[in-house]
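Spelled out, the chains give:
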Amino acid sequence: MLDRLTASTLLRSVIVGTAAVIIVMLAIDSWNSAQRLERSNRIVGVAGVSGNIFTAMHKLRTDRAATLRGLAAEAPLTPEAAANIKSLRDAETPALRAAIDALGALDFAERAQLLPELQQSVQKLAALQTESWADMAKPKTARRDGLGKDYSETELALLATLDTLSAQLFSSIKHDDPYIDQMMELKQLAWTVRDTSGNASLAVSNALGANALSPEDYRRYAGFVGGSETGWAAFEALASGTDLPKQLTDAIATAKQVYFAPDYTALRDREMAALANGSPPEMPASKWTLFTVEHLDALVGVATASLAAARDYSLEQHRAAQRDLVLQLVLLIGAVGLSGATMMLVSRRALTPLTTLRDAMLRVSRGRSHRRSPRSRGAATK
């Protein structure tokens, strides 16, 4: 029995074993590509929603300062100030809504708590924006008491939620890809520089609005300036030695030329020195606010470019993973089909004829064993 099965069993075993090895290898490659595709999908989603969150945070900070000044002013908003606030809100509101929509499809830590909290804060802010817009068109005596405080606290709470969301989103993709990690860290450093620089600019605005500067306020201002310079040095250290995309290198060059320009920093310091000495400043608070926003936007451009680099890279990785997965699935299906076809072909063209030939030879052999020669029959008769 073993003799009848040996040849066909060996041949089938070789074919099946070879096919199984190829199929398993292709299946493992397909699984790895599927995992890469899932990771790149998550990174693309996080990069996109992080961009919306960052845009909202930047506009909210400026909106908060402008709205508080408008509510504190005795007279109604000037057309110039009204246009500025409207442009800020026209940018932050769509960014917040887009972030909420995108966050619903992402999985991250504390999602069940942070997403409803964000939705509630955005709804509350929308109501306060409507109320504050109407009140800023009135004299100060006709505005609701405490509206500025409510607006400030709501935006601060919203900014804290967005900051926590940004950190959780980054944590959800951290260590998935070294390049993405670096771009996201650059974005965070750029935002830190913009945040501390914004606080320095706000300190100047507040001092100009009050036409006075206390020693404590000046120390805080100096701390913000030092923090922004330290943060920028850390940013440049992290970016050095890396082949950055042109969009990011251009944004870094612009930030150096615009925000860290000697004429801008010198003007900022002269304004604070004049107020500390009781001298008249070079420009009023309203003009300074519009002037400094242009310079802060240069820092925002660096963070935005870092996010764009992360998003573009993740999109390219996503497309590559899709191509690899499709190719490997095609190869896997082809390997399975080819293995089956090979088994059928070998069975029909090789194994069946070999089995037929072997059986015929065995029959001949058995027939010869039963035949006896005449001498053998004679000997048996005697």
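Keep in mind it's a predicted model, so treat the numbers as computed, not measured. (Residues numbered from 1 in each chain as written. Predicted model: local features only at pLDDT ≥ 70, side-chain atom pairs only at ≥ 80, totals over all residues. Heavy atoms only, no water.)

Considerations on the overall build of the protein
As a reminder of what qualifies: Numbering of helices and strands runs from the N terminus; a helix is a DSSP stretch of H or I covering at least four residues, while a strand is a stretch of E covering at least two. Remark: exposure states derive from per-residue accessible area (1.4 Å probe, protein chains only) relative to the maximum for the residue type, with buried under 20%, exposed over 50%, and partly exposed in between. Contact definition: two residues touch when any of their heavy atoms are within 4.5 Å. Surface accessibility in these figures is a Shrake-Rupley result with a 1.4 Å probe; residues are shielded only by whichever protein chains are displayed.
In terms of regular secondary structure, the protein is built from 10 helices and 0 strands. The linear arrangement of helices and strands in the protein, starting from the amino end, is α-α-α-α-α-α-α-α-α-α. Looking at the protein as a whole, 39% of its 382 residues are labelled buried. Taking the intrachain contacts of the protein between residues at least 6 apart in sequence as the baseline, contacts between residues at least 24 apart amount to 83%. Summed over all atoms, the accessible surface of the protein reaches about 20600 Å², with 60% contributed by carbon and sulfur.

Considering helix α2 (residues 79–103)
Condition: Expected span, for any helix, means 1.5 Å times one less than how many residues it has.
Here α2 is 25 residues long and its end C-alpha atoms lie 36 Å apart, about the 36 Å a rise of 1.5 Å per residue gives. Those residues of α2 that fall on the buried side of the exposure criterion are Ala 82, Asn 84, Ile 85, Leu 88, Arg 89, Glu 92, Ala 95, Leu 96, Ala 99, Ile 100 and Leu 103.

Here's the deal with the packing of helix α4 (residues 147–173) against helix α5 (residues 178–210)
Spelled out, the test is: A fitted line through C-alpha atoms represents every axis, and for helices the fit uses only the stretch in contact; the resulting angles, taken between N-to-C directions, go from 0 to 180 degrees. The scheme is simple: roughly parallel for angles under 35 degrees, roughly antiparallel for over 145, roughly perpendicular for 65 to 115, oblique for anything else. Less than a right angle of anticlockwise turn of the near helix away from the far helix marks a crossing as left-handed, whereas a clockwise turn marks it as right-handed. Polar here means any residue outside two lists: the nonpolar Ala, Val, Leu, Ile, Met, Phe, Trp, Tyr, Cys and Pro, and the charged Asp, Glu, Lys and Arg; Gly therefore counts as polar.
Two elements in contact, α4 and α5, have axes separated by 10 Å at closest approach and are oriented at 165°. The pairing of α4 with α5 is recorded here as roughly antiparallel in orientation. For the pair α4 and α5, the crossing hand works out as left-handed. Judged by residue contacts, Ser 166, Phe 170 and Ile 173 of α4 engage Ile 180, Asp 181, Met 184, Glu 185, Lys 187 and Gln 188 from α5. Along the lines of polarity and charge, the residues of the contact of α4 with α5 split into 4 nonpolar, 2 polar and 3 charged.

Notes on the pattern of salt bridges
Worth spelling out the cut-off: Salt bridge, as applied in this entry: a Lys or Arg side-chain nitrogen positioned within 4 Å of an Asp or Glu carboxyl oxygen.
All chains considered together, the criterion is met by 19 salt bridges. Its salt-bridge partner being Arg 219, residue Glu 216 comes within 2.7 Å of it at the nearest N-O pair. With Glu 216 and Arg 219 both in helix α6 (residues 215–239) and 3 residues apart, this pair spans about one turn of that helix. Among the ionic pairs, Lys 246 bridges to Asp 250, the shortest N-O distance being 2.6 Å. Placement of both Lys 246 and Asp 250 in helix α7 (residues 246–258) is noted, with a separation of 4 residues, approximately one turn of the helix. Here Lys 246 falls in the exposed class, since its relative accessible area comes to 61%.

Quick word on empty space enclosed by the protein
Stated formally: Think of a 1 Å grid over the protein atoms and nothing else: a 1.4 Å probe that fits but is trapped marks a cavity, an open set flanked by protein within 12 Å on at least five of seven lines marks a pocket, and residues with an atom within 4 Å of a point count as lining. Grid points are joined across faces, edges and corners, and a volume is the space filled by probe spheres set on the points.
A full pass over the atoms with the stated rule returns 1 cavity of 30 Å³ or more. Among the secondary structure elements, those contributing two or more residues to the lining of the largest cavity are α1 (2–72), α4 and α5. Here the residues of the lining of the largest cavity are counted per class, giving 3 nonpolar, 3 polar and 2 charged.

Topic: the environment of Leu 307
When you line up the elements, Leu 307 lands in helix α9 (residues 285–370). Using a relative accessible area of 3% as the deciding quantity, one classes Leu 307 as buried. Each C-alpha atom of the pair Leu 307 and Ala 47 lies 6.4 Å from the other, and the pair is 260 residues apart in sequence.

Description of the side chain of Thr 292
The cut-off we apply is this: Residues adjacent in sequence count toward polar contacts only when both atoms are side-chain atoms; beyond that, a polar contact is any pair of N or O atoms within 3.5 Å, and within protein one must be able to donate a hydrogen and the other to accept it.
With respect to the secondary-structure elements, Thr 292 resides in helix α9. Of note is the side chain of Thr 292, whose polar atom sits 2.9 Å from the side chain of Ser 201. Every residue in contact with Thr 292, bar those within four places of it in the chain, is listed here: Ser 201 and Tyr 264.

Focus on the environment of Lys 246
Here the alpha-carbon distance between Lys 246 and Ala 305, two residues 59 residues apart in the chain, equals 9.3 Å. A distance of 2.6 Å separates a polar atom in the side chain of Lys 246 from a polar atom in the side chain of Asp 250.

Observations concerning unusual backbone geometry
Located in the positive-phi region is Glu 110, a residue other than glycine, with phi close to 65°. Tracing the chain through its elements places Glu 110 in the loop between α2 and α3 (111–136).

Some remarks on the packing of aromatic side chains
We apply this condition: Working definition: a ring pair exists when centres of Phe, Tyr or Trp rings (six-membered ring for Trp) sit within 6.5 Å. Plane angles under 30 degrees give stacked, over 60 give edge-to-face, the rest tilted.
The final tally for this structure, using the stated rule, is 10 aromatic pairs. Taken together, a centroid distance of 5.0 Å and an interplanar angle of 10° make the contact between Trp 232 and Phe 235 stacked. Pair noted here: Trp 232 and Phe 235 are both in helix α6, with a separation of 3 residues, about one helical turn. The pair Trp 232 / Phe 235 is uniform in exposure class, with both members buried.

Here we look at the environment of Ala 305
Within the secondary structure, Ala 305 is located in helix α9. C-alpha separation for the pair Ala 305 and Thr 249, spaced 56 residues apart in sequence, amounts to 8.7 Å. When sequence neighbours within four positions are dropped, the list of residues in contact with Ala 305 reads Gln 247, Leu 248 and Ala 251.

Some details on α5
For α5, built from 33 residues, the straight-helix expectation of 48 Å at 1.5 Å per residue is met to within 8% by its first-to-last C-alpha distance of 48 Å. Capping the start of α5 is the job of one residue whose side-chain oxygen sits 2.9 Å from the backbone nitrogen of Tyr 179: Asp 177. Of the residues flanking the end of α5, it is Asn 211, one or two places downstream, whose phi is positive at about 55°.

A look at the side chain of Ser 40
Following the sequence through the fold, Ser 40 ends up in helix α1. By relative accessible area, which is 4% here, Ser 40 ends up buried. Among the polar contacts listed, one links the side chain of Ser 40 to the backbone oxygen of Leu 37, at a separation of 2.9 Å. Once residues lying within four places of it in the same chain are set aside, the contact partners of Ser 40 are Ser 314, Gln 317, His 318 and Ala 321.

Comments concerning the packing of α2 against α4
In the contact formed by α2 and α4, the axes pass within 13 Å of each other and the chain directions differ by 45°. With respect to α4, the element α2 is oriented oblique. Relative to α4, α2 is oriented so that their crossing is left-handed. Contact residues: Arg 89, Glu 92, Leu 96 and Leu 103 in α2; Tyr 151, Glu 155, Leu 158, Leu 162, Leu 165 and Leu 169 in α4. Residues belonging to the contact of α2 with α4 are distributed by class as follows: 7 nonpolar, no polar and 3 charged.

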